[in-house]
Amino acid sequence: MGRTVTITRIVMPGQTNRHGSLFGGQALSLMDEAAAIVAHRVSEGPVVTAHINSVDFKAPIKQGWAVEVTASLIKPGRTSMQIQVETYGECLDTRERTHCTTAVFVMVAVDKQGKPRLLPSARDDDDDDGDDD
Ligand SMILES: CC(C)(COP(=O)(O)OP(=O)(O)OC[C@H]1O[C@@H](n2cnc3c(N)ncnc32)[C@H](O)[C@@H]1OP(=O)(O)O)[C@@H](O)C(=O)NCCC(=O)NCCS
């Protein structure tokens, strides 16, 4: 529950490059947003982006097309989470769907001071390891 999030938008004129396709920074922003929602839900609090692995833009997503971004938790750590993010473009006229990017985001749960905080699952593990006396 909450470990996968999909955001779907239409590519608007203000979001495109000179070739009429989605600007890379806009794509990264949507990917970061989807990853942040998953991470916030999983960690039950605020998160920051610590790392994004290499991102290849394999195909353009044209103005007027739908851009669909899906983020899924693939590996929880102690305070960090690896989240895989896939981006697709869809020509709404033809319904043709094209894979654009895959990336892994590392999101870190933080406290009010911006310091890493334990994920609920790591807190449970620590409790299980505790002494009984
Ligand atoms: C992310 C941040 C909170 C980590 O703080 P830190 O004191 O360096 O934390 P630690 O070294 O204890 O690492 C905490 C966790 O994050 C992971 N981590 C930190 N930096 C990482 C990186 N560059 N790549 C992958 N994992 C990273 C660690 O492996 C660790 O994971 P674990 O607890 O699950 O084992 C800190 O670097 C920060 O605030 N960065 C700026 C974040 C930001 O502003 N992002 C917006 C985009 S610019």
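Residues numbered from 1 in each chain as written. Predicted model: local features only at pLDDT ≥ 70, side-chain atom pairs only at ≥ 80, totals over all residues.

1. Remarks on the sheet that holds strand β1 (residues 4-10)
Then, number 1: Taken in spatial order, the 5 strands make up an open sheet running β1-β3-β4-β5-β2, and their pairing is antiparallel. The open sheet has two edge strands with one neighbour each: β1 and β2 (47-52). The sheet shows a mean angle of 30 degrees between the axes of neighbouring strands, taken without regard to direction.
Then, number 2: Relative to strand β5 (residues 96-109), β2 runs antiparallel, the two sharing 5 bridges. (Pairing = 2+ DSSP bridges. Helix = DSSP H or I, 4+ residues; strand = E, 2+ residues; numbered from the N terminus. Axes fitted to C-alpha atoms, helices over the stretch in contact; angles between N-to-C directions.)

2. Quick word on the site of the ligand
Then, number 1: Neighbouring the ligand are 13 residues, the closest being His51, Gly77, Arg78, Thr79 and Ser80.
Then, number 2: Broken down by element, the shell around the ligand gets its largest block of residues, 4 residues, from β2.
Then, number 3: Taken together, the residues of the shell around the ligand sort by class into 6 nonpolar, 6 polar and 1 charged. (Near = placed C-beta within 6 Å. Nonpolar A, V, L, I, M, F, W, Y, C, P; charged D, E, K, R; others polar.)

3. Quick notes on the nonpolar core
Then, number 1: With 27 residues, the main nonpolar core has Ala34, Ala35, Ile83 and Val85 as its most contacted residues.
Then, number 2: Of all the secondary-structure elements, those providing two or more residues to this core are α1 (24-43), β3 (66-76), β4 (80-91) and β5.
Then, number 3: Per-element tally for this core: the top contributor is α1, with 8 residues.
Then, number 4: Setting aside its immediate chain neighbours within four residues, Ala34 contacts Val5, Ile7, Val69, Ala71 and Val85. (Core = buried A, V, L, I, M, F, W, Y, C linked by C-beta atoms within 7 Å. Buried ≥ 20, exposed ≤ 12 C-beta atoms within 10 Å, placed from the backbone. Contact = placed C-beta atoms within 7 Å.)

4. Some words on unusual backbone geometry
Then, number 1: Even without a glycine there, the phi angle at Glu44 is positive, about 60 degrees.
Then, number 2: If you trace the backbone, Glu44 turns up in the loop between α1 and β2.
Then, number 3: One non-glycine residue, Arg95, adopts positive backbone phi at about 65 degrees.
Then, number 4: Residue placement: Arg95 occurs in the loop between β4 and β5.

5. Topic: the environment of Ile61
Then, number 1: When you line up the elements, Ile61 lands in the loop between β2 and β3.
Then, number 2: The class for Ile61 is buried, based on 26 C-beta atoms found within 10 Å.
Then, number 3: Taking the C-alpha atoms as reference points, Ile61 and Ser80, separated by 19 residues in sequence, lie 31 Å from one another.

6. A few points about the pairing of β5
Along a regular strand, successive side chains alternate from one face of the sheet to the other.
Then, number 1: Relative to β5, β4 runs antiparallel, the two being bridged by 12 bridges. In the strand pairing of β5, Gln84 is matched with Val104.
Then, number 2: As consecutive antiparallel partners, β4 and β5 are separated by 4 residues, and within that stretch Arg95 has a phi angle of approximately 65 degrees, a positive value.

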